[in-house]
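The lines below spell out each chain.
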Amino acid sequence: MRMLISNDDGIYSPGIAVLADVARHYGEVRIVAPDVEQSSMGQAITSNRPLTYRRTPLKDFEAYRVNGTPSDCVALGVHLWENVDWVLSGINLGPNLGTGLWHSGTLAAAKQAVLLGLRGIAFSTPTRDDDPKFEELRPHVDKVLRLLMQESSPRLLNVNIPPDAQGIRWARQSVRQYDGKMVLDKDPMGREHYWFTVVPIQEPEAGTDRWAIDNGWISITPLRLDLTDDQELEKLAPVAFANRNGTRLGKTGIADQAR
Ligand code: MN
């Protein structure tokens, strides 16, 4: 088993070493991660300048830092190292839950693995004011890897581990509305600037990732890359829906498509 380890906090963030250290009990690991923080970069790729990588000291790991995004790191990592089975991303400083998944660079690394035909798991931990205690997450990460590193596992998984986790919950992504507000402020020279702040504004529904974390559970969500709204597609084009799904037939046939 070969596992490429990446993140979006940068290669020197403490979470990546803990993840790699636990993962190496399951196979070969290699770290390929951004040279500086790339949080909230989502699925961005670098297409207007060259990418380079450098070997970097990180405990006794084979580790490389890349002047790019999490997606760049995964693409370059699996290009340079053949036969990677899994890409593990994290452990992110801070949660990646609900609608925040759209912005997450941590999850993007795992998604990039799936785009390239591999499998990916993103790991994050909610942080409080005190320093995150990554060492305490070790047994939880180990438990999650033991559960997920199997042939029958989903291809893309998002895992959030609270510090005092009481167990594991399979959870849906919470898609309740959030507050993506631009907050106006001023720099020391008196010039106006803005901060993009993102805060959930509704209580999480039971059974979702946000709910699981709020209640002290490790949250695991199987994800997919297909953004199609199946209900809308079925209404608009039942034949197309039936063909894609492969199991259901449109009620009125081809004419529906042309109407
Ligand atoms: Mn991050």
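Computed from a predicted model, the values in this text were never measured in an experiment. (Residues numbered from 1 in each chain as written. Predicted model: local features only at pLDDT ≥ 70, side-chain atom pairs only at ≥ 80, totals over all residues. Heavy atoms only, no water.)

Digging into the overall build of the protein chain
Helices and strands together make up the secondary structure of the protein chain, namely eight helices and 11 strands. Whereas a compact globule of 259 residues would reach a radius of gyration of roughly 18 Å, the protein chain reaches 20 Å, a difference of no more than 12%. Counting the 259 residues in the protein chain, one finds 46% classified as buried. For the protein chain, the share of sequence-separated contacts (at least 6 apart) that also reach a separation of at least 24 residues comes to 71%. Of the roughly 14,000 Å² that the protein chain leaves accessible, carbon and sulfur atoms contribute 52%. Taken together, the 29 basic and 33 acidic charged side chains of the protein chain have centroids lying 4 Å from each other. (Helix = DSSP H or I, 4+ residues; strand = E, 2+ residues; numbered from the N terminus. Rg over C-alpha atoms; globule rule 2.2 N^0.38 Å. Buried < 20%, exposed > 50% of the residue type's maximum accessible area, 1.4 Å probe, protein only. Contact = heavy atoms within 4.5 Å. Areas by Shrake-Rupley, 256 points an atom, 1.4 Å probe, with all protein chains shown as cover. Lys, Arg positive; Asp, Glu negative; His and termini not counted. Charge placed at Lys NZ, Arg CZ, Asp CG, Glu CD.)

Thoughts on the domain arrangement of the protein chain
When its domains are assigned, the protein chain resolves into domain 1 (2-227) and domain 2 (229-259). Spacing between the C-alpha centres of domain 1 and domain 2 amounts to 36 Å. (Domains from an automatic or database assignment.)

Describing the packing of helix α1 (residues 14-23) against helix α4 (residues 134-148)
It is at 9 Å that the axes of α1 and α4 come closest, and there the two elements cross at 45 degrees. Taken as axis vectors, α1 and α4 run oblique relative to one another. Here α1 runs over α4; the crossing is right-handed. Touching Pro-14, Gly-15, Val-18, Leu-19, Asp-21, Val-22 and Ala-23 of α1 are Phe-134, Glu-135, Arg-138, Val-141, Asp-142 and Leu-145, all from α4. (Axes fitted to C-alpha atoms, helices over the stretch in contact; angles between N-to-C directions. Parallel < 35°, antiparallel > 145°, perpendicular 65-115°, else oblique. Left-handed = near helix turned anticlockwise from the far one by under 90°.)

Notes on the coordination of the manganese ion
Summarising the metal site, the manganese ion is bound by the protein donors Asp-8 (OD), Asp-9 (OD), Ser-39 (OG) and Asn-92 (OD1), whose distances to it range over 2.1 to 2.3 Å. In primary-sequence terms, the residues that donate to the manganese ion follow D-D-x29-S-x52-N. One end of the pair, Asp-9, is in the loop between β1 (2-6) and α1; the other, Asn-92, is in strand β5 (residues 86-93), with 83 residues separating them in the sequence. Here Asp-9 and Asn-92 have matching classes, each one buried. (Donors = N, O, S within 2.8 Å, 3.2 Å for Na, K, Ca; no water.)

A look at the confidence of the model for the protein chain
For the protein chain, per-residue confidence averages 91 on the pLDDT scale, and residues scoring 70 or more make up 93% of the total. In this model residues 252-259 is a low-confidence stretch, pLDDT under 50, and it forms seven contacts with partners more than four residues away in sequence or in other chains. (pLDDT = per-residue confidence, 0-100.)

Things to note about the side chain of Thr-221
Among the secondary structure elements, Thr-221 is positioned in strand β11 (residues 218-222). Polar contacts involving the side chain of Thr-221 include one to the main-chain carbonyl oxygen of Ala-171, which spans 2.9 Å. Filtering out sequence-adjacent residues up to four positions away, Thr-221 remains in contact with Leu-156, Leu-157, Asn-158, Ala-171, Arg-172, Gln-173 and Asp-209. (Polar contact = N/O pair within 3.5 Å; in protein donor to acceptor, adjacent residues only side chain to side chain.)

A look at the environment of Thr-221
The exposure class assigned to Thr-221 is buried, which follows from its relative accessible area of 3%. Separated by 50 residues in sequence, Thr-221 and Ala-171 have C-alpha atoms that sit 5.2 Å apart.

Points about helix α3 (residues 105-115)
With 10 of 11 residues buried, α3 is to be regarded as a mostly interior element. Within α3 the residues assigned to the buried category are Gly-105, Thr-106, Leu-107, Ala-108, Ala-109, Ala-110, Lys-111, Gln-112, Ala-113 and Val-114. Buried residues along α3 sit in contact with β1, α2 (70-80), β5, β6 (119-125) and β7 (156-160). Sitting at the head of α3, Ser-104 places a side-chain oxygen 3.2 Å from the backbone nitrogen of Thr-106. Once α3 finishes, Gly-117 follows within two positions and takes phi at roughly 90 degrees, a positive value.

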